[in-house]
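Geometric and topological summary
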Amino acid sequence: MLFLCAGLVLVAALVWLPRADGAPAPADACRSTGVALPRGDCGPFWQVLAEDFNGDRVPLGAFDDCDHHADTSAAYCGGLTGEYRDNWWAYPSGWLDTANSRDRDVAGVHHPEDTVSVGPAPGGDGRMSIRMWRPADGGPVHAAAVVPRAVMQMKYGKYSARIKVTKPAPGYKSAWLHYGGGCEMDHPEGEWTGALTAFHHPCDGGEQGYFPGSDSWRWHTVSTEWTPGNVRFFVDGRQTGHDTRSVPDHPLSWVLQNESALEGPGAAPGSSAQLDITWVAAYAYGWK
């Protein structure tokens, strides 16, 4: 009983961690603080994707031939089969990452076929692993952006995942985002050796909103809740940001984008870094 009570106190502390002014920080609609994949609807959100990667194996090389109906809800990777072809897409091999337009000394090219795999971790937990790397000869970083097909071109919703950078190295980052029509919402974003943050770039071109989330990429549950006129960001169930300025009101895709860094040192030749995803959940808004 003592252990049970202590666990309940810990969960309560995570959900209602006080703000600096002493008031409790709002929690996300699903109370997504635990390590387990949340299942079922919550609040105004209807779950349309629940993937824990358990029992699945997708070897390196399978996320290939992804240039079919690219960047539309009909997109698919010819190298995938079964449920993974139905449920996942990736930016095709050869697409340039963001650093190419920023005059960075080290930029990246998307190569999902040699960066993305699914399988059990040493303890048996199923994970999608994103292992980015730079060739020893100093070529471009091999980057990866994976896209859950169930929520491509969807208006509003809730988007959650449990993630950890299991092998950090300078020069690698994530910017998981919704973007289009001059609008952009990024969460989580940041270099893998630095802080985990969120950004909102209003559709009208106004000043970006910047919301710190954590000082590192250890295990975290990250969530974005996008509803009419509002975008909210959460880390481990605690709200870390909220913006109402010119929030998107048109369908957008959720892109789990991982690429070469836009700040600090570039990736060293021969280096690699890895992010693991132990589950992904997504929800439609107002469909009931």
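Structure shown above.
Residues numbered from 1 in each chain as written. Predicted model: local features only at pLDDT ≥ 70, side-chain atom pairs only at ≥ 80, totals over all residues. Heavy atoms only, no water.

Some points on the overall build of the protein
The helix and strand inventory of the protein stands at 2 helices and 16 strands. For the protein, with 288 residues in total, the buried portion stands at 51%. Long-range contacts, defined as pairs at least 24 residues apart, comprise 67% of the intrachain contacts of the protein with a sequence gap of at least 6. Of the roughly 12,400 Å² that the protein leaves accessible, carbon and sulfur atoms contribute 53%. (Helix = DSSP H or I, 4+ residues; strand = E, 2+ residues; numbered from the N terminus. Buried < 20%, exposed > 50% of the residue type's maximum accessible area, 1.4 Å probe, protein only. Contact = heavy atoms within 4.5 Å. Areas by Shrake-Rupley, 256 points an atom, 1.4 Å probe, with all protein chains shown as cover.)

Some remarks on the environment of arginine 85
Considering the arrangement of structural elements, one finds arginine 85 in helix 2 (residues 82-87). Along the backbone, arginine 85 and alanine 75 are 10 residues apart, and their C-alpha atoms lie at a distance of 9.4 Å. The residues contacting arginine 85, other than those within four sequence positions of it, are Tyr76, Cys77, Gly78, Leu80 and Arg149.

Notes on the nonpolar core
Grouped burial of nonpolar side chains is what soluble globular proteins tend to show. Counting residues in hydrophobic clusters, the biggest one holds 61 residues, and the most contacted among them are Phe63, Trp88, Met128, Val146 and Ile277. Contact partners of tryptophan 88, with chain neighbours within four places excluded, come to Glu51, Phe53, Phe63, Leu80, Met128, Val146, Val147, Pro148, Arg149, Leu256 and Val280. Membership of the second largest hydrophobic core comes to 7 residues, among which are Cys30, Cys42, Phe45 and Ala281. (Core = buried A, V, L, I, M, F, W, Y, C linked by side-chain atoms within 4.5 Å.)

Quick word on the pairing of strand 8 (residues 172-180)
The side chains of a regular strand alternate, first on one face of the sheet and then on the other. The buried fraction of strand 8 amounts to 8 of the 9 residues, a majority that puts the element mostly inside the structure. Two elements, strand 8 and strand 15 (residues 256-260), share 3 bridges in a ladder whose sense is antiparallel. Paired with serine 174 across the strands is asparagine 258, a residue of strand 15. Of the pairings in the sheet, the one linking strand 8 to strand 9 (residues 183-191) comprises 7 bridges and is antiparallel in character. Paired with leucine 177 across the strands is aspartate 186, a residue of strand 9. The turn linking strand 8 back onto strand 9 is made up of 2 residues, and glycine 181 within it adopts a positive phi angle of 65°. (Pairing = 2+ DSSP bridges.)

What to know about the state of the cysteines
Applying the stated criterion across every chain, the model contains 3 disulfides. Put simply, cysteine 30 and cysteine 42 are joined by a disulfide, and their sulfur atoms are 1.7 Å apart. Of the two residues, cysteine 30 sits in the loop between helix 1 (2-15) and strand 1 (45-51) while cysteine 42 sits in the loop between helix 1 and strand 1, which places them 12 residues apart along the sequence. Judged by relative accessible area, which is 17%, cysteine 30 ranks as buried. (Disulfide = S-S within 2.5 Å.)

Description of the pattern of salt bridges
Inspection of the entire model under this criterion finds 8 salt bridges. The salt bridge partner of arginine 218 is aspartate 215, with a shortest N-O separation of 3.0 Å. Through salt bridges with shared partners, a single ionic network connects Asp28, Lys158 and Glu225. (Salt bridge = Lys/Arg side-chain N within 4 Å of Asp/Glu carboxyl O.)

A closer look at the environment of aspartate 71
Within the secondary structure layout, aspartate 71 lies in the loop between strand 1 and helix 2. For aspartate 71, a relative accessible area of 33% translates into the label partly exposed. Between the C-alpha atoms of aspartate 71 and alanine 90, which are 19 residues apart in sequence, the distance is 8.9 Å. In contact with aspartate 71, not counting residues within four places along its chain, are Trp89, Trp95, Met152 and Tyr179.

Considerations on the layout of surface pockets
Its volume calculated, the largest pocket comes out at about 430 Å³. Lining of the largest pocket is provided by 21 residues; of these, Arg102, Lys173, Glu189, Phe199 and Leu262 occupy positions nearest its centre. Elements represented by at least two residues in the lining of the largest pocket include exactly strand 8, strand 9, strand 10 (196-201) and strand 15. Partitioned by chemical class, the residues of the lining of the largest pocket number 7 nonpolar, 6 polar and 8 charged. (1 Å grid on protein atoms, 1.4 Å probe; cavity = no way out; pocket = protein on both sides within 12 Å on 5 of 7 lines; lining within 4 Å. Points joined across faces, edges and corners; volume = space filled by probe spheres on them. Nonpolar A, V, L, I, M, F, W, Y, C, P; charged D, E, K, R; others polar.)

Some details on the pairing of strand 15
Counting buried positions along strand 15 gives 5 out of 5 residues, so the element sits mostly inside the fold. Sheet analysis places strand 6 (residues 141-148) next to strand 15, joined by 3 bridges and oriented antiparallel. The residue of strand 15 that forms the bridge with valine 146 is leucine 256.

A few points about the side chain of glutamine 47
If you trace the backbone, glutamine 47 turns up in strand 1. Reaching out from glutamine 47, the side chain makes a polar contact with the backbone nitrogen of glycine 40 at a distance of 2.8 Å. Looking at glutamine 47, its side chain comes within polar contact range of the side chain of tyrosine 283, at 3.3 Å. For glutamine 47, the residues in contact, after removing those within four places along its chain, are Pro38, Arg39, Gly40, Asp41, Ala281, Ala282 and Tyr283. (Polar contact = N/O pair within 3.5 Å; in protein donor to acceptor, adjacent residues only side chain to side chain.)

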